[in-house]
Structures are given as C-alpha cells and as structure tokens.
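# Chain and residue survey
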Amino acid sequence: MNYATCCKPIPGDSVIGHFTSSGLVVHQERCKNILSVREDPTQCFPVNWHEKLDREFSTDIKILASDETGLLATMASAITSSAINIESINTQELDLGHIEFTLTLQVKGRDQLATLIRKLKTLKNILSIHRIHDQEMRQAKTLH
Ligand SMILES: [Zn+2]
C-alpha cells in the first residue's frame, strides 16, 4: 500500500484507496486527482487508517507572517519542541513587511498537526496558517 504524493494523506484524514498497476494507492477522499473515479468501485475502494501506525508522514503547511527578525527561529523551536521534524522550509517575501513560509513537516497525524497549528497561532506576528492540500482540495471541490 502506498500513499499518494499529490495529496499527502496523514492519519486522521478521510481517505480512499485507488487501484493502480502498482497496487493500492491511498489518497485523501477529496483529492482532485481521483474526483472523477472515486465513485467507481472497480477503481476505488474505501480504506481506513490502521490504529497503530508507528511512522511519520510528510505534510505541507503555509504560514503567512509579518516579517520580523527571529521569527523563523521562534517557529522552528516551537515545532521541534512539539517533537515534529522539519523536512524543509521555504521563505518567500511578499509585499511590504509580509513573508510567507512553506514548511514540510513530518507528523504522526492530524491531531499532532492541529495541536502544532494552534501553538504556532499563538506566536506574535503570525497572521495565518493552513495545510496546503486542504485548501487546494476545497477549491477542487468547488470547481467540480
Ligand atoms: Zn491524491
């Protein structure tokens, strides 16, 4: 069983299995790549998370913040003190005084991610945080 890289499901997400030539691939139920086939029982199969998955999953979050010296260090320490590994951080300067961080994190599941997001939202200068694929999928759902 493989996990799709398009929508990067993590434990706690609603998921669906898609039969492919290389086996069953797990997508988020709302993934735009399987929207057209998810009702087809010859192609898709309902799956559930195993209760004791002892591994970590990659997830991407986007953080909009006011540009402030030291913010990245403060964020990174909040993340690592939550026992979450940072795979990568990309920084993009937006307009005047705003900055956008794209972080790839290793999490155990939605609960751990939600706890982290709550914690990060309490930091000064952070304006918004969201999981990238959640937003993309909301858009996909509206479009179809
Ligand atoms: Zn997908």
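Residues numbered from 1 in each chain as written. Predicted model: local features only at pLDDT ≥ 70, side-chain atom pairs only at ≥ 80, totals over all residues.

So, about the overall build of the protein chain. A count of helical and extended segments in the protein chain gives three helices and eight strands. Reading the helices (α) and strands (β) of the protein chain from amino to carboxyl end gives β-β-β-β-β-α-β-β-α-β-α. Dimensions of the protein chain along its principal axes, counting C-alpha atoms only, are 55 × 35 × 20 Å. Looking at the protein chain as a whole, 20% of its 144 residues qualify as buried. For the protein chain, the proportion of contacts with a sequence separation of at least 24, taken over those separated by at least 6, is 62%. (Helix = DSSP H or I, 4+ residues; strand = E, 2+ residues; numbered from the N terminus. Buried ≥ 20, exposed ≤ 12 C-beta atoms within 10 Å, placed from the backbone. Contact = placed C-beta atoms within 7 Å.)

This next bit is on the nonpolar core. I10, F57, I61, I63, A65, I84, L103, L105, V107, L113, L116 and I126 together form the largest nonpolar core, which totals twelve residues. Sort the elements by how many residues they give to this core and strand β5 (residues 57–66) lands first, with four residues. Leave out the neighbours within four places in its chain, and I63 touches F101, L103, L120, I126 and I129. C7, V15, I16 and I34 belong to the second-largest nonpolar core, a separate cluster that totals five residues. (Core = buried A, V, L, I, M, F, W, Y, C linked by C-beta atoms within 7 Å.)

Here the domain parsing of the protein chain yields domain 1 (2–46) and domain 2 (57–140). The partner domain 2 presents 13 residues to the twelve residues of domain 1 that form the contact. Looking at the side of domain 1 that touches domain 2 residue by residue, the class counts come to six nonpolar, two polar and four charged. (Domains from an automatic or database assignment. Nonpolar A, V, L, I, M, F, W, Y, C, P; charged D, E, K, R; others polar.)

Strands sit in the order β6-β7-β5-β8 across an open sheet of four strands; the sheet is antiparallel. What marks the edges here is a single partner per strand, and that holds for β6 (85–93) and β8 (126–131). Between one strand axis and the next, the sheet turns through 20° on average, direction left out of account. Pairing of β5 with β8, which is carried by five bridges, proceeds in the antiparallel orientation. Each residue of the ladder has a partner; that of I63, found in β8, is I129. Sitting on the sheet, helix α2 (residues 110–121) touches β5, β7 (98–107) and β8, and the angle it makes with β8 is about 170°. (Pairing = 2+ DSSP bridges. Axes fitted to C-alpha atoms, helices over the stretch in contact; angles between N-to-C directions.)

What follows covers the sheet that holds strand β3 (residues 23–28). The sheet built from four strands is open, its strands ordered β1-β3-β2-β4 with mixed pairing. Only two strands of the sheet have a single partner each, and these edge strands are β1 (2–3) and β4 (44–46).

Here we come to α2. One turn of an α-helix holds 3.6 residues; hence residues three or four places apart share an orientation. Between its first and last C-alpha, α2 extends 16 Å over twelve residues, near the 16 Å set by a 1.5 Å rise per residue. For α2, the set of buried residues is Q112, L113 and L116. Angular distribution of buried residues about the axis of α2 spans 95°; they occupy a single face of the element. Opposite its buried face, α2 presents the exposed residues D111, R118 and K121, each directed more than 90 degrees away. Where α2 is buried, its residues touch β5, α1 (71–80), β7 and β8. (Expected span 1.5 Å × (residues − 1). Arc of directions from axis to C-beta.)

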